Amino acid sequence: MLNFARILSLPLNDASWYQFRVWLEYFGKVFQKVAVAVNPQYTSLECSSCGEIVNKTLSTRTHACKCGCVMDRDENAARNILSRGLSTVGHTGTFALDASNALGDKTSIQTGEILPEQVISLIKESQCL
């Protein structure tokens, strides 16, 4: 017997990720930032220091490479994703992770504000509006 909930959830998941990407690209334009889609495959396995693949299970939370690089698995993946994104836009120098606005303290959009793109998106998604 086919699992119809699973079959229907895949397109919904794809649509959700697509909408998330659309929002990221939109806010990139609003705040004059570059938004780049990056393939996240192997980013937590690849060493952000030397590039070697370090196989680990999903339960292993620390990245430890024989080059001496030891850090949280997610931080390693984030550095790899940032590096791939920067190389896509032609940035070749070194980078530093900027966490100065990690909590979103410097936002210029008011809480509860409705953007015109939200309304247009709702109209497109729901034909009865």
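Structure first, text after, so check above.
I will try to describe carefully the structure that is included in this document. Not measured: the values here are computed from a predicted model.

**Let's talk about unusual backbone geometry**
In most cases, non-glycine residues show a negative phi, while peptide bonds are predominantly trans.
No. 1: Unlike most non-glycine residues, glutamine 32 shows phi in positive territory, near 55°.
No. 2: One can find glutamine 32 in the loop between helix H1 (4–30) and strand S1 (62–64).

**Describing the environment of aspartate 72**
No. 1: Among the secondary structure elements, aspartate 72 is positioned in strand S2 (residues 70–72).
No. 2: Taking C-alpha positions, aspartate 72 is 9.5 Å from threonine 60, a pair spaced twelve residues apart along the chain.
No. 3: For aspartate 72, the residues in contact, after removing those within four places along its chain, are Arg61 and His63.
No. 4: Within the structure, aspartate 72 has its side chain in polar contact with the backbone nitrogen of aspartate 74 (distance 2.9 Å).

**Considering the pattern of salt bridges**
No. 1: Summed over all chains, the structure comprises five salt bridges.
No. 2: In this structure, glutamate 25 engages arginine 21 in a salt bridge whose closest nitrogen and oxygen atoms are separated by 3.0 Å. Taken as a pair, glutamate 25 and arginine 21 lie in helix H1 at a separation of four residues, close to a single helical turn.
No. 3: Looking at arginine 21, the relative accessible area reads 45%, which means it is partly exposed.
No. 4: Residue glutamate 75 is joined to arginine 79 by a salt bridge in which the shortest nitrogen-to-oxygen separation is 3.0 Å. With glutamate 75 and arginine 79 both in helix H2 (residues 73–88) and four residues apart, this pair spans about one turn of that helix.

**Brief notes about the side chain of histidine 63**
No. 1: The residue histidine 63 is located in strand S1 in this model.
No. 2: A distance of 3.1 Å separates a polar atom in the side chain of histidine 63 from a polar atom in the side chain of lysine 56.
No. 3: With near-sequence residues (within four places) excluded, histidine 63 lies in contact with Ser44, Leu45, Glu46, Cys47, Val54, Lys56, Cys69, Val70, Met71, Asp72, Arg73 and Asn76.

**Side note on the layout of surface pockets**
No. 1: Each pocket or cavity is described by its volume, and for the largest pocket that value is around 890 Å³.
No. 2: Looking at the largest pocket, it is lined by 20 residues, and the ones nearest its centre are Leu24, Val34, Ala35, Val36 and Ile81.
No. 3: For the lining of the largest pocket, the secondary structure elements donating two or more residues are H1 and H2.
No. 4: Per-element tally for the lining of the largest pocket: the top contributor is H1, with seven residues.
No. 5: When grouped by side-chain class, the residues that make up the lining of the largest pocket number 15 nonpolar, two polar and three charged.

Conventions used here
Sequence order as written defines the numbering, with residues in each chain counted from 1. Local features in this predicted model are restricted to residues of pLDDT 70 or higher, and side-chain atom pairs are both shown and tallied only at a pLDDT of 80 or more, whereas totals for entire chains, interfaces and linings draw on every residue. Each side-chain value is derived from all of the structure's non-hydrogen atoms; neither hydrogens nor water enter the calculation. By the criteria applied, helices consist of DSSP H or I runs no shorter than four residues and strands consist of E runs no shorter than two, each listed in order from the N terminus. When checking whether two residues touch, look at their non-hydrogen atoms; a contact exists if any pair is within 4.5 Å. As used in this structure description, the phrase polar contact means that two N or O atoms lie within 3.5 Å; if the pair is within protein, one of them must be able to donate a hydrogen and the other to accept it, and residues adjacent in sequence are counted only when both atoms belong to side chains. Whenever Lys or Arg places a side-chain nitrogen within 4 Å of a carboxyl oxygen from Asp or Glu, that contact is recorded as a salt bridge. Buried residues are those whose accessible area, probed at 1.4 Å on protein chains only, stays under 20% of the maximum for their type, while exposed residues exceed 50% and partly exposed ones sit between those limits. Here the term cavity refers to a set of points on a 1 Å grid, laid over the protein atoms alone, in which a 1.4 Å probe fits but cannot get out; the term pocket refers to an open set having protein on both sides within 12 Å along at least five of seven lines, with lining residues being those that place an atom within 4 Å of a point. Grid points are joined across faces, edges and corners, and a volume is the space filled by probe spheres set on the points. All residues other than Ala, Val, Leu, Ile, Met, Phe, Trp, Tyr, Cys, Pro, Asp, Glu, Lys and Arg, Gly among them, are scored as polar; the first ten of these are nonpolar and the last four charged.

Scope: geometric values only; no functional claims are made or implied.
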